[in-house]
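As a plain string of letters, each chain reads:
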Amino acid sequence: MRESSTALSPADGQADFYAQNGYLIVEDVLGADELAELEADLLKLARGGYGVTGIEPVAVGASDAETLERILCIHMPHFVSPVVRRFTAHPRLTRVLGQIVGAHLRPGLWNGGVKCMQSMFFAKPPGKPGQAWHQDECFIPTRDRSLCAAWIAIDDAAEDNGCLRVIPGSHLAGTLYPFREHSRGDEFDPTPESHGFDESGETAIELRAGSVLFFNGYLLHRSRRNTSSRYRRALVNHYMSTQSPLHWCLDQELAGGGRHDSDNRSVHVVCGEDPYTERGYTVPANPVYLREYIEHGEAAPA
């Protein structure tokens, strides 16, 4: 069941709720026309319409279902799609991001600036697995724990089609849990799972299309197999404070050498000020890539 008490308006204390629980639901961020535009553009991407290396054009006459069947995730569509890039900076997204990304910091320690470093399109067709417990911060490290995902529901997301599931408050300790291989190929894709924590507080987050789940990079989350006959498509964008350098190796686009003193400039600012503007911004070579579904135990494609 959707927890209506978590769907807050800007006047209802979004920042405090997010800081305490590690997530925030904001309903009806995108309207029907915007959803239709985004859906059409992502289907164009999946069909090979942007001429991206690694995403081969589908056969003439292939159905939408045939096009999406193989897609676990398409990474970084905002680098080639002007539509997706525009949606990463949607004003109703940035209005919330400008309140919550630095909500855990004391007043005066955050200038309100937010930058986007990643977009991801998940198709999750009927019958496909979810992903086991993990924390996004393990993959995208930040200095100030400001990493924030904006999970935009393109379809209604419910328990039967594999909505996201979170452990409220699991971000508070600032602990990054270790990974291990799992044997639940019936339920999850082959990505290793985080372990070593109490998962009894797990909460399913159901969203109607056009709503957004924001969550902190340290928050433990997962999703289960899609057991319905419906898709569970989502566009997920990742953001962080502009004040924190990004120690993340994307196609070797690291300025300064080592991770501890590097600042990946494959980003764009969506609100506020960037104190590192003089370093410029870069676009990595061939940034967009497709992750296809593979059977558990198989090697992932190169």
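Residues numbered from 1 in each chain as written. Predicted model: local features only at pLDDT ≥ 70, side-chain atom pairs only at ≥ 80, totals over all residues. Heavy atoms only, no water.

For the coordinates displayed, the defined rule picks out four aromatic pairs. When the ring of Trp133 is compared with that of Phe197, the centres are 5.9 Å apart and the planes differ by 90°; the resulting orientation is edge-to-face. Within this pair, whereas Trp133 is found in the loop between β3 (114–122) and β4 (148–153), its partner Phe197 is found in the loop between β7 (193–194) and β8 (203–205), the two being separated by 64 residues in sequence. Each member of the pair Trp133 and Phe197 is classed as buried. Put simply, the rings of Trp133, Tyr177 and Phe197 touch in pairs and so form one group of aromatic residues. Between the NZ or CZ atom of Arg145 and the centre of the ring of Tyr218, over which it lies, the distance is 5.2 Å. Here the guanidinium or amino end of Arg233 rests over the ring plane of Tyr231, the centre of that ring lying 5.8 Å away. (Phe/Tyr/Trp six-rings, centres within 6.5 Å; stacked < 30°, edge-to-face > 60°. Helix = DSSP H or I, 4+ residues; strand = E, 2+ residues; numbered from the N terminus. Buried < 20%, exposed > 50% of the residue type's maximum accessible area, 1.4 Å probe, protein only. Lys NZ or Arg CZ within 6 Å of the ring centre and 35° of its normal.)

A separate point is the sheet that holds strand β10 (residues 221–223). If you walk across this open sheet you meet the three strands as β8-β5-β10, and the pairing is antiparallel. Each edge of the open sheet is held by one strand with a lone partner, namely β8 and β10. Here the average twist between neighbouring strands, direction ignored, is 35°. Looking at chain direction, strand β5 (residues 164–166) and β8 are connected through three bridges and run antiparallel. Following the sheet pairing, Arg165 is matched in β8 by Ala204. (Pairing = 2+ DSSP bridges. Axes fitted to C-alpha atoms, helices over the stretch in contact; angles between N-to-C directions.)

This paragraph deals with the nonpolar core. If you look at the biggest cluster of nonpolar residues, it comprises 73 residues, and the most contacted ones within it are Leu38, Ile74, Leu93, Trp151, Leu213 and Phe214. Contacts of Trp151, omitting those with residues within four sequence positions, involve Ala157, Leu164, Leu207, Ser211, Val212, Leu213, Phe215, Arg232, Ala234, Leu235 and Val236. In this structure, Ile167, Tyr177, Phe197 and Leu220 belong to the second largest nonpolar core, which totals five residues. (Core = buried A, V, L, I, M, F, W, Y, C linked by side-chain atoms within 4.5 Å. Contact = heavy atoms within 4.5 Å.)

This next bit is on the pairing of strand β11 (residues 234–241). In terms of burial, β11 is a largely internal element, eight of the eight residues being buried. As paired strands, β3 and β11 are joined by eight bridges and run antiparallel to one another. Looking across to β11, one finds that Met120 is bridged to Val236. Bridge count for β4 against β11 is six bridges, and the pairing is antiparallel. Each bridged residue has a counterpart across the sheet, and for Cys148 the counterpart in β11 is Tyr239.

Bringing the side chain of Gln118 into the picture now. With respect to the element layout, Gln118 can be found in strand β3. Discounting residues that sit within four places of it in the chain, Gln118 has contacts with His75, Met76, His78, Ile140, Val236, Asn237, His238 and Trp248.

Further remarks concern the pairing of β4. Burial within β4 is extensive, with six of its six residues counted as buried. The alternating pattern of β4 places Cys148, Ala150 and Ile152 on one face and Ala149, Trp151 and Ala153 on the opposite face, and all of these are buried.

Here Val166 is to be found in strand β5. By relative accessible area, Val166 is classed as buried at 0%. Put simply, Val166 and Asn21 are 145 residues apart on the chain and 9.9 Å apart in space, counted from C-alpha to C-alpha. Ignoring any residue separated from it by four or fewer positions in sequence, one finds Val166 in contact with Tyr23, Trp133, Gly201, Glu202, Thr203, Ile205, Leu219, Leu220 and His221.

A separate point is helix α2 (residues 32–46). For α2, with 15 residues, the first-to-last C-alpha span of 21 Å sits near the 21 Å given by 1.5 Å per residue. Every buried residue belonging to α2 is among Leu35, Leu38, Asp41, Leu42, Leu45 and Ala46, and all of these are buried. Here the buried residues of α2 occupy an arc of 140° about the axis, which is enough to place them on one side. Exposed positions of α2 whose direction lies more than 90 degrees from the buried face are Ala32 and Asp33. (Expected span 1.5 Å × (residues − 1). Arc of directions from axis to C-beta.)

With that settled, consider unusual backbone geometry. What you tend to see is this: most non-glycine residues have negative phi, and most peptide bonds are trans. Here the phi dihedral of Arg145 falls at roughly 60°; this positive angle occurs in a residue that is not glycine. If you trace the backbone, Arg145 turns up in the loop between β3 and β4.

Another point: the environment of Ala19. Its location among the elements puts Ala19 in helix α1 (residues 14–21). Sequence-wise, Ala19 and Gly169 are 150 residues apart; in three dimensions their C-alpha atoms are separated by 8.6 Å. Residues in contact with Ala19, not counting those within four places in the same chain, are Ala103, His171 and Leu172.

What follows concerns the packing of α1 against helix α5 (residues 91–100). For the pair α1 and α5, the least separation of the axes is 8 Å and the interaxial angle reads 65°. The chirality of how α1 crosses α5 is right-handed. Two secondary-structure elements touch here, α1 through Gln14, Ala15 and Tyr18 and α5 through Val96, Gln99 and Ile100. Counted by class, the contact of α1 with α5 contains four nonpolar, two polar and no charged residues. (Left-handed = near helix turned anticlockwise from the far one by under 90°. Nonpolar A, V, L, I, M, F, W, Y, C, P; charged D, E, K, R; others polar.)

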